[in-house]
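# Per-entry structural report
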Amino acid sequence: MLQRANIFCLIFVMSLLPMLIGSIATRVITTQLNPGCDIPECKQGYNGTFPNLLHVVATGPRDTLQYVVSSIGAVTAVVARFDRRARLTVDWRRLLSTNATEFSTSVRFDRKPLETFAVVFTKLIEYRDQDDTADMTSLPVNYTDIKALNFENLNWRDSRDFAETTANSVVFETAVDDDLFFENGSISLKFVFPPTEARMTELPHLLFNGNGSTIDFVVDRYRSSFKNARIAVEFAHVTAETSEPLSYEIDQSIDDEFTPGIFKTVAMTTAGDRRANGSYLQWKPVCYLKPGRAMKVATSVREYDLRNVTSRDDAFLDRSIASAIYGAKMADYAIRATNVSFGLSEDGYYTGTNYTAWTLTTGYGTRPTEALSVLVISVISVGLGIPVALIVFGGIGVCVKKRRAKLSSSYREIGSNSVST
């Protein structure tokens, strides 16, 4: 009996190993901020801004992912997958040039990537939510109480000034601007490049792997133009793969262990046969209205329909690091844009706290999906197992008792017949 119990325990532990150690191999992460920049603008800034560009190399056992993340123009993350490390060359004079042709030939890899895509954060949108619906689709056509702040027009601080800019992360934060922000206010984006599969330590505890990055988007003490103001962010996905465009996928779960009260995951992901070699963006539909993230300061996030961008008339396409890398070829790429708005009816609007923090992940390949944790499985097993065990063993007990009673009755009848004879 003891030997059988040991075998059962061994099988149980082995079945849990994939969940415990993860299915994504560890990558070696190396980063370089402003590689090869020897011009004064990188050290001193220019026109009130600093040119931040981070090159990340994530080397795995079978391939290498390389990221180019920058606040030059619209904030952009370009992801490229190679069979081995590629050399990145940045012509800083061209990159900071106002000439569109020079800009579009300023950043190059020395070989063609196996896969590549980009995420471009284009603008912050502010609107007056007169009816407190927290739904941009309810706004009237030609609504005037709405304004957009293009990210390419913002000035950015030197990323080297932040302690959060470490060996595997970078922070882009807007410079002081009294016209846009209250004292010490800013818009910031923090990119983190994990080496392996894990989960964020703070809410919403998103699951991520070594094939992507996490992005924290924070709007702090922004000077709203309207009394009942809400905010949204517009971003776009750019890819050379045109046969399988991105589409939304919504995952529902019974488990809210890691993000209390949230049972849904929203994803923009490559569909069809290209999924394994495609790309994704993923988030929980929740944001936080104070820096100390907690359930009591959480509110909703709403996604909107994806739309195709068929021309390069939008400035964010021309003045982003995606354009600097892809050049004229980007005109033939598939580009889909969307808006994500923050807030829920009766939550006090953005102006209630003047703070919103939202986190998403983006990466290459199949996106990480939530599964029931060992704890939840154990709780469910105990919760269902005890009643089932009581019913089964109770039923067995009743049957045994009836059987014994029947046998005892039979013995008495036989004994009675023997005596009377």
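That block above? That's the structure.
Per chain, residues are indexed from 1 in the order of the written sequence. Given that the model is predicted, a residue must reach a pLDDT of at least 70 before its local features are reported, and side-chain atom pairs must reach 80 or more before they are shown or counted; all residues, however, enter totals for whole chains, interfaces and linings. Side-chain measures were taken over the full set of non-hydrogen atoms in the model, leaving aside hydrogen atoms and water.

### Section: the side chain of Arg230
- Among the secondary structure elements, Arg230 is positioned in strand β14 (residues 229-239).
- A polar contact of 2.6 Å, which involves the side chain of Arg230, links it to the side chain of Asp132.
- The definition of a polar contact used here is a pair of N or O atoms within 3.5 Å, where within protein one atom must be able to donate a hydrogen and the other to accept one, and adjacent residues in sequence count solely through side-chain atom pairs. A distance of 2.9 Å separates a polar atom in the side chain of Arg230 from a polar atom in the side chain of Asp347. Strands are runs of DSSP state E lasting at least 2 residues, helices are runs of H or I lasting at least 4, and numbering of each runs from the N terminus.

### Side note on the state of the cysteines
- When two cysteine sulfur atoms are found within 2.5 Å, that pair is recorded as a disulfide. Under the counting rule described, the total for this entry stands at one disulfide.
- The disulfide that involves Cys37 links it to Cys42, with 1.7 Å between the sulfurs. Its S-S torsion of about 90° marks the bond between Cys37 and Cys42 as right-handed, since a negative value means left-handed. Each member of the pair, Cys37 together with Cys42, is buried. Burial classification: accessible surface area is computed with a 1.4 Å probe over protein chains only, and a residue below 20% of its type maximum counts as buried, one above 50% as exposed, and the rest as partly exposed.

### Quick word on empty space enclosed by the protein
- A pocket, in this scheme, is an open set of points on a 1 Å grid over the protein atoms alone with protein on both sides within 12 Å along at least 5 of 7 lines, while a cavity is a set where a 1.4 Å probe fits but cannot get out; residues line either one if an atom lies within 4 Å of a point. Grid points are joined across faces, edges and corners, and a volume is the space filled by probe spheres set on the points. This structure, assessed with the given rule, holds two cavities of 30 Å³ or more.
- Looking at the largest cavity, the residues that line it are Leu206, Leu207, Asp251, Thr265, Gln282, Lys284, Thr361, Arg367, Pro368, Thr369 and Glu370.
- Of the residues in the lining of the largest cavity, the class split is three nonpolar, four polar and four charged.
- The calculated volume of the second largest cavity comes to roughly 40 Å³. Each residue gets one label: Ala, Val, Leu, Ile, Met, Phe, Trp, Tyr, Cys and Pro are nonpolar, Asp, Glu, Lys and Arg are charged, and the others, such as Gly, are polar.

### What to know about the pairing of strand β16 (residues 264-270)
- Within β16, six of the seven residues are buried, leaving the element largely enclosed by the surrounding structure.
- With seven bridges joining them, strand β15 (residues 246-252) and β16 adopt antiparallel strand pairing. If you follow Glu249 over to β16, its bridge partner there is Ala267.
- Pairing between β16 and strand β17 (residues 279-283): four bridges, direction antiparallel. Paired with Ala267 across the two strands is Gln282, which belongs to β17. Here the rule is simple: two strands pair whenever DSSP picks up at least two bridges between them.

Take it as geometry only, folks, not as evidence of what the structure does.
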